[in-house]
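Structural overview
Read off the chains here:
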Amino acid sequence: MKVLVTGANGFTGSHTARLLVEGGYEVRAFVRASAKMDLLEGVAFERVDGDLTDHQSLRRAVKGVERVFHIAAVYREAKLADRVYTDVNVEGTRRLAEACLDEGGIPFVYCSTCGVHGEVQNPPVDETAPYNPGDIYQKTKVEAEEVVMALCRERGLPATVLRPVGIYGPGDRRFLKLFGGVARGRFPLIGSGEVLYHLTHVEDVARGFLKAAQTPEAQGGAFILAGERYTSIKELIELIAREAGVAAPKVRIPAAPVYAAAVLCEGLCRPLGIEPPLHRRRLDFFLKDRAFRIDKAKERLG
């Protein structure tokens, strides 16, 4: 079976593409012309250059494929205007899904995020928790989910929505800062450390994607993909320190002044198109509870 993976050059996309190839699928990678493919070294795939804002390149990308894994998105770039997030994450998803419908209704696996639930109340929560987005990335992911589910209900798009949680593993640069900082004794704890966080290994996420594509009964539904357990931030940092053979960091910084500095950084940098060295999304790790139940994915996706 030939499948399309958007954002196949990225962290999650590359692991998904690699798993698909290992499973005997023919993978077509839809990436920007400037994309580097280092994370897919040694993997056989067909490359198609394009952009989620370009309808014609999307039509070329879906031609002849039997499944689409839509993973590409604008993510964690605070310097970008909100309209860029909307055009790529919302309208780009709409364009791709409509291209699948134009080709007869290609099954569509959409990579959303647990961030659509924002800061969760009374954790752990499941897929029935209300939408509670806290930033433009999360808001556009909510809107994109709504687009996909509307096309599923109204036009018969065979779609499944997946919400991964805190993805880490080989090739990741985001949590590498956490692991490296703790190992070097240079990672300050902001706030109480009692906030809950949920990590998920990237290979588990990729397997979840494949399971969803292989489960027709999952179409029309949304599934949280998360690790077996969650921890407090303090417990997570202590675990990393123990594995690294170092003492856990003892420096703690009050959250309020750091948050105020992040607001100021964003206000100064965004109008100039500069990525702020500190912004509010980075502080969510320390300040917002993220803990989930995965019963639905276990029962229905295996």
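Notes on the structure follow. (Residues numbered from 1 in each chain as written. Predicted model: local features only at pLDDT ≥ 70, side-chain atom pairs only at ≥ 80, totals over all residues. Heavy atoms only, no water.)

1. Concerning helix H6 (residues 202–213)
Between its first and last C-alpha, H6 extends 17 Å over 12 residues, near the 16 Å set by a 1.5 Å rise per residue. Of all the positions in H6, only Val202, Val205, Ala206, Gly208, Phe209, Leu210, Ala212 and Ala213 are classed as buried. (Helix = DSSP H or I, 4+ residues; strand = E, 2+ residues; numbered from the N terminus. Expected span 1.5 Å × (residues − 1). Buried < 20%, exposed > 50% of the residue type's maximum accessible area, 1.4 Å probe, protein only.)

2. Overview of the packing of helix H1 (residues 11–22) against H6
Contact geometry of H1 with H6 gives a least axis separation of 9 Å together with a crossing angle of 60 degrees. Put simply, H1 runs oblique to H6. Considering only the axes of H1 and H6, their crossing is right-handed. Here H1 contributes Phe11, Thr12, His15, Thr16, Leu19 and Leu20 to the contact with H6, which in turn contributes Val202, Glu203, Val205, Ala206, Arg207, Phe209 and Leu210. (Axes fitted to C-alpha atoms, helices over the stretch in contact; angles between N-to-C directions. Parallel < 35°, antiparallel > 145°, perpendicular 65-115°, else oblique. Left-handed = near helix turned anticlockwise from the far one by under 90°. Contact = heavy atoms within 4.5 Å.)

3. As for the sheet that holds strand E2 (residues 26–31)
Judged by pairing direction, the sheet is parallel, and its seven strands sit side by side in the order E3-E2-E1-E4-E5-E6-E11 without closing on themselves. Each edge of the open sheet carries a strand with a single partner, namely strand E3 (46–49) and strand E11 (222–225). Across this sheet, the average inter-strand angle for adjacent strands is 20 degrees, counted without regard to direction. For E2 and E3, the ladder comprises four bridges, and the chain directions are parallel. (Pairing = 2+ DSSP bridges.)

4. Concerning helix H7 (residues 233–244)
Given a rise of 1.5 Å per residue, 12 residues ought to cover 16 Å, and the 16 Å separating the end C-alpha atoms of H7 matches this to within 8%. In this structure, the buried residues of H7 make contact with helix H5 (174–183), strand E8 (189–190), strand E9 (196–197), strand E12 (231–232) and helix H9 (280–287).

5. Quick look at the packing of aromatic side chains
Evaluated as defined, the whole model comprises seven aromatic pairs. Centre to centre, the rings of Phe285 and Phe286 are 5.1 Å apart; their planes meet at 85 degrees, and the pair counts as edge-to-face. Judged by its relative accessible area of 9%, Phe286 falls in the buried class. Aromatic rings pair up to connect Phe175, Phe187, Tyr197, Phe285 and Phe286 into one cluster. (Phe/Tyr/Trp six-rings, centres within 6.5 Å; stacked < 30°, edge-to-face > 60°.)

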